[in-house]
Amino acid sequence: SCAATGAQNHKGGPPMRRLIADQTHSISLKLNGKPVHAEAEPRMLLSDFIRHVLGAKGTHVGCEHGVCGACTVRMDDGLARSCLTLAVQADGAEIETVEHLAPAPGSLSVLQNSFRRHHALQCGFCTAGILMSLDTLLHDHPEAGETEIRDALAGHLCRCTGYEPIVTAAMEAAKILQKERLNA
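Now for a quick tour of the structure. What you see is a predicted model, and the numbers here were worked out from it, not measured in a lab. For every chain, the first residue of its written sequence is number 1, and the numbers climb from 1 along that sequence. Owing to the predicted nature of the model, reporting of local features is limited to residues with pLDDT of at least 70; listing and counting of side-chain atom pairs is limited to 80 or more, with chain, interface and lining totals taken over all residues. With hydrogens and water excluded, all non-hydrogen atoms of the structure serve as input to the side-chain values.

**Regarding unusual backbone geometry**
Next up, step 1: You will see that Glu-64, though not glycine, has its phi angle at about 60°, which is positive.
Next up, step 2: We count a stretch as a helix when DSSP gives it H or I for four or more residues in a row; a strand needs E for two or more, and each element gets its number in order from the N terminus. Structurally, Glu-64 is set in the loop between α2 (46–53) and β3 (72–75).
Next up, step 3: The exposure class of Glu-64 is partly exposed, given its relative accessible area of 48%.
Next up, step 4: Located in the positive-phi region is Asp-77, a residue other than glycine, with phi close to 70°.
Next up, step 5: Looking at the element boundaries, Asp-77 is found in the loop between β3 and β4 (78–81).
Next up, step 6: Each residue is assigned to one of three classes by its accessible area relative to the maximum for its type, calculated with a 1.4 Å probe on protein chains only: buried under 20%, partly exposed between the two thresholds, exposed over 50%. With a relative accessible area of 67%, Asp-77 lands in the exposed category.

**Structural notes on the side chain of Thr-72**
Next up, step 1: Looking at where Thr-72 falls in the secondary structure, it is placed in strand β3.
Next up, step 2: What qualifies as a polar contact is a pair of N or O atoms within 3.5 Å, subject to a donor-acceptor requirement within protein and to the restriction that residues adjacent in sequence count only when both atoms come from side chains. Here Gly-69 takes part through its backbone oxygen, which lies 2.7 Å from a polar atom of the side chain of Thr-72.

In structure tokens:
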């Protein structure tokens, strides 16, 4: 057991508690800045918990193997594939989904506006995960250029756009955000 070996959880804290398979377990976390509490079975995926229990439908599930990137969310300031993460693993975490990117209801973020301007989405299925990865990149590395943007996209599959409009939109958003930081 983790306790016997002194192992720690992903945050360096105490090990995850032992769960009973046929019971639901209480999960408390912050979703898009708001505290939420709900029950989940031990095998429920974070993507299903976010969509079906908490009602945030922006996160999509594509391949269910962590390959396509559609389910990408921010978890404790890092990116996570919510189709590979159990909901119980997120207990105590801060989760951000694509719904968190807009600065206010009815408005879009700089990155989302650039996507719209450059037609960087078509069917939109992969868009939420791509936006989360690119938003994180531009937040963590404001000077990111085309190479870094393409590297961030390497973990995402898009069957519609051919990626060029996505790269163009992200590069435009990076320039706008850089100007905003200089003027702040």
